[in-house]
Amino acid sequence: MKKTGSYDFYLILATVAVLFVISAICVYGMFSFKFAQIQNMPVAIKATYMERMNTILIPFLIALIVILGICIPKRLMPTVWLNRFAVLLGILLAGVVWWIDLKTGLTVILTLSLLLQTVVLILALAGSARLIFEKKGYWLRVGSSLIHLGLILFILDLLFYKNLKLHLLLFWITTLATVAGMLLCFYAEWVAGVFDRTKACNNREEDKEASIEQ
Amino acid sequence: MLAAATLAFFSTAGDLLLWAILGLSSLLGAVGCLNLISSQPRWQRQTGILLFAVNLLFMGGFILICWFHWQIHDNISLTLPDEAVTWLNSQLNAMNKGASFSLPLYDPAQPPRYTIPVWIENEKYFFWFFCYSAMTLIAHRSLAHRQFRAVLHILLAIQVAILCLAANPFRDPLPKFFAEISPWFEPGLTPMARFGLFMRLYPKQIFYYNAHYMWFHPPLLFLAYAGMTITFVTSIFMLVKRDLALEKLGYDYAKLGYFVLTLGMLLGYPWALQAWGPNWWWDPKICSSIMMWAIFSTYLHTRLYANKPAMWYFSAFLGILCFAAMIFTFLASFFFPGEHTFQ
């Protein structure tokens, strides 16, 4: 179990707070849908309702994406650099939103997060000791990296929903990464046991072959 | 349509099985109540045997439901006269133009048949409670905790009582499906009326009853609901006593529940795109599911810090909140209109 007071802990608290607000908005959306009888309204009114709910939700989704953007490099950088990175990320987002638009700003952050997370995954797969993880264990780290990669891809994929083929392709990659990540993360000991057994079996067979050759 | 003898056999045999399950689980519930108030463990071994018998009967009922669906597949098809086929396929071709997901053309050699998954209408409750019963059996064997076992047994008795008295899948099997399909078998239906009916039944058959996702999306969610119920019971005990073995068991079920919940929700996404298009965002059931998933994610994150007393209780509180969110999400289908509604 982890210690409280770490950077990780406060990032989790911030994520929890944002998820709580998103949940509250979801509940509000349900009652609003029911009492306004949206289901019986013409398509244009339904579209307006969805637009309104999206507008309410967007700031919190941005917050979630920014937290995600800060969460990802925490595996690669110490806290001091992480603070600087968070500030830089904020400035980058503000700049892109100012010059282009919000959607491009979010796409830039998500793409940056995706690249960083891919680096984290590669390093985790290579068993790098330079990665900053509070959790120990090879498979647990690989699993956690895969889950976060899936999460970033899922959010990024939502921006491509108009291109159905690409959207679905990315969706299945997301699903695969998330499922594999959860299996490795939740059942890390079992996976490690399976690999150890396979390794031991292979070693035994190699030993046998070597003894036969001798 | 199905032969009256098939329906009668399914109803009678299923009803008998269900009442037997109710009898055994009521006994389990009664012993559970006794164990809750008593200071000594009572009939622990016997309750294990009873629980095993309940699971066997549940399995029998499940096999019976599978057999019934096989009968539907074999005996009910949307067969059209040969002269209507060319015209129908030209209509389907016109409909498929520009559509993201197309309807298969009608093949007179193999008229469309229903391959209905075994968890629609009231059968979903049977499957859900069967999952809970199996998980209760595993939890019962994993941890010899008298009061924890007692609460699991009482919850099982309550669920079976609900199944028997309010959601019996055998008494009146698949009423909505048979109400939809029965006009097809009415004698004297004009060709135009039959064609109109086909165009109503066929898309629903393809995108709902025969949808591949239907085999994965709902059962994974019901498995998750069953797992969350066990986590809920352990969370209640966590509020009362700091028992690490109980907490570990709850966490094991939470991990399983979260895994299948996430996978189930993800698999609902491409199905929703196929069946409804992109216009289902802000559907009430989806809102509440996202909320439930968010609470569950929070629970799993806070549990990492459960070594601190405050976080221990907060984690337990979230485990209970997850269950409340699950009930709310399930009931949302009854009270809130939308694509998932049971209204």
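Just so it is clear, the model here is predicted, and its values are computed rather than measured.

A. Unusual backbone geometry, seen in detail. A positive phi angle, close to 45°, is found at W43 of chain B, a residue other than glycine. Along the polypeptide, W43 of chain B turns up in the loop between α1 (4-37) and α2 (44-75).

B. Expanded view of the packing of helix α10 (residues 284-302) of chain B against helix α11 (residues 309-335) of chain B. Residue and element names in this part refer to chain B. It is at 9 Å that the axes of α10 and α11 come closest, and there the two elements cross at 165°. Between α10 and α11, the angle is such that the two are roughly antiparallel. Taken as a pair, α10 and α11 cross one another with a handedness that is left-handed. Of the residues in the contact of α10 with α11, the class split is 15 nonpolar, 8 polar and 1 charged.

C. The arrangement of the interface of chain B and chain A in detail. Counting residues at the interface gives 31 residues for chain B, matched by 27 residues for chain A. Elements that contribute at least two residues to the side of chain B that touches chain A include exactly α9 (244-276), α10 and α11 of chain B. When residues of the side of chain B that touches chain A are assigned to their parent elements, the largest contribution, 10 residues, is made by α10 of chain B. Taken together, the residues of the side of chain B that touches chain A sort by class into 21 nonpolar, 8 polar and 2 charged.

D. Broad picture of the nonpolar core. All names here are of chain B. Ranked by internal contacts, the top residues of the largest apolar core, which has 107 residues, are C131, F222, I295 and C322. In terms of residues, this core owes the most to one element, helix α8 (residues 217-240), which gives 12 residues. Split by domain, this core shows at least three residues from each of two domains, domain 1 (1-94 + 104-210) and domain 2 (217-343). F222 has contacts with W119, K124, F127, W128 and C131, leaving out every residue within four places of it along the chain.

E. Seen up close, the environment of N93 of chain B. Residue and element names in this part refer to chain B. Along the chain, N93 falls in helix α3 (residues 82-96). A count of 12 C-beta atoms within 10 Å places N93 in the exposed class. Distance from N93 to G61, taken between C-alpha atoms, is 42 Å for residues 32 residues apart in sequence.

F. Molecular detail of the domain arrangement of chain B. Residues and elements named next belong to chain B. Here chain B is partitioned into domain 1 (1-94 + 104-210) and domain 2 (217-343). One C-alpha centre belongs to domain 1, the other to domain 2; they are set 23 Å apart. Taken residue by residue, the interface counts 17 residues in domain 1 and 17 residues in domain 2. The set of elements that each furnish at least two residues to the side of domain 1 that touches domain 2 consists of α4 (123-142), α5 (146-166) and α7 (191-209). Sorting elements by how many residues they give to the side of domain 1 that touches domain 2 places α4 first, with 8 residues. When its residues are assigned to classes, the side of domain 1 that touches domain 2 shows 14 nonpolar, 2 polar and 1 charged.

Rules of the game
- Residues numbered from 1 in each chain as written.
- Chains lettered and ligands numbered in written order.
- Predicted model: local features only at pLDDT ≥ 70, side-chain atom pairs only at ≥ 80, totals over all residues.
- Helix = DSSP H or I, 4+ residues; strand = E, 2+ residues; numbered from the N terminus.
- Axes fitted to C-alpha atoms, helices over the stretch in contact; angles between N-to-C directions.
- Parallel < 35°, antiparallel > 145°, perpendicular 65-115°, else oblique.
- Left-handed = near helix turned anticlockwise from the far one by under 90°.
- Nonpolar A, V, L, I, M, F, W, Y, C, P; charged D, E, K, R; others polar.
- Contact = placed C-beta atoms within 7 Å.
- Core = buried A, V, L, I, M, F, W, Y, C linked by C-beta atoms within 7 Å.
- Buried ≥ 20, exposed ≤ 12 C-beta atoms within 10 Å, placed from the backbone.
- Domains from an automatic or database assignment.

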